[in-house]
Amino acid sequence: MKDFFREIKYAYQRVRYGFDERLYWEFESYFAQFIPPLKQFCEDEYDPENNLKRSEIYKTTLELIDIWEKQTYEEIWDGKKTTELWEYFGKNITYYWN
């Protein structure tokens with residue numbers, strides 16, 4: 001019964017705010033959902049013949065994603081690879097469009 005009331009509360013929060021409080025508990029895993037589409041986007045848009053700056057950013061992003069995907073258990077808990085990827089993405093966010 002307790003789970004039933006929680007689900008109603010979460011549904012209400014999603015309707016009212018567009019998200020529920022469980023998001024606060026797992027920001028990192030929420031952002032990790034964006035990595036596969038980001039990888040696909042960079043693979044699709046990478047074209048060194050067309051725009052050198054954008055292509056270099058996409059190439060570096062793909063390299064950082066590759067490093068992120070191959071993390072050891074200890075590196076996952078350390079968080080440095082995740083931080084490096086998201087910092088690079090944030091600094092270059094205006095280049096991710098098509």
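Since this is a predicted model, take the numbers as computed values, not measurements. (Residues numbered from 1 in each chain as written. Predicted model: local features only at pLDDT ≥ 70, side-chain atom pairs only at ≥ 80, totals over all residues. Heavy atoms only, no water.)

A. The side chain of Thr61, seen in detail. Its place among the elements puts Thr61 in helix H4 (residues 52–69). Filtering out sequence-adjacent residues up to four positions away, Thr61 remains in contact with Leu38, Cys42, Leu85, Tyr88 and Tyr96. (Helix = DSSP H or I, 4+ residues; strand = E, 2+ residues; numbered from the N terminus. Contact = heavy atoms within 4.5 Å.)

B. Focus on the environment of Gln13. If you trace the backbone, Gln13 turns up in helix H1 (residues 2–17). Gln13 has contacts with Gly18, Phe19, Asp20 and Glu21, leaving out every residue within four places of it along the chain.

C. Structural context of H1. The first and last C-alpha atoms of H1 sit 22 Å apart over 16 residues, in line with the 22 Å expected at 1.5 Å per residue. At the exit of H1 stands Gly18, carrying a positive phi of roughly 90°. (Expected span 1.5 Å × (residues − 1).)

D. Focus on H4. Given a rise of 1.5 Å per residue, 18 residues ought to cover 26 Å, and the 25 Å separating the end C-alpha atoms of H4 matches this to within 8%. Buried within H4 are the following residues: Arg54, Ser55, Ile57, Tyr58, Thr60, Thr61, Leu64 and Ile65. In this fold, the buried residues of H4 make contact with helix H3 (35–45) and helix H6 (80–91). One side-chain oxygen at the N-terminal end of H4 lies 3.2 Å from the backbone nitrogen of Lys53; it belongs to Asn51. (Buried < 20%, exposed > 50% of the residue type's maximum accessible area, 1.4 Å probe, protein only. Polar contact = N/O pair within 3.5 Å; in protein donor to acceptor, adjacent residues only side chain to side chain.)

E. Focus on a nonpolar patch on the surface. A cluster of nonpolar side chains, namely Tyr17, Phe19, Tyr24, Trp25, Phe27, Tyr30, Phe31 and Phe34, defines an oily patch on the protein surface of about 890 Å² accessible area. A per-element tally of the nonpolar patch places helix H2 (residues 27–32) first, with 3 residues. Checked against the element boundaries, Phe34 lands in the loop between H2 and H3. Taking the relative accessible area as the measure of exposure, Phe34 reaches 40% and is therefore partly exposed. (Patch = residues over 30% accessible without salt bridge, like charges linked within 9 Å, V, L, I, M, F, W, Y side chains within 5 Å. Areas by Shrake-Rupley, 256 points an atom, 1.4 Å probe, with all protein chains shown as cover. Salt bridge = Lys/Arg side-chain N within 4 Å of Asp/Glu carboxyl O.)

F. Structural context of the nonpolar core. Judged by nonpolar contacts, Ile35, Leu38, Phe41, Cys42, Ile57, Tyr58, Leu64, Ile65, Leu85, Phe89 and Tyr96 together constitute the single largest core of 11 residues. Sorting the residues of this core by element identifies H3, H4 and H6 as the ones contributing at least two each. Residues within four places of Phe41 in sequence aside, it is in contact with Arg54, Tyr58, Tyr96, Trp97 and Asn98. (Core = buried A, V, L, I, M, F, W, Y, C linked by side-chain atoms within 4.5 Å.)

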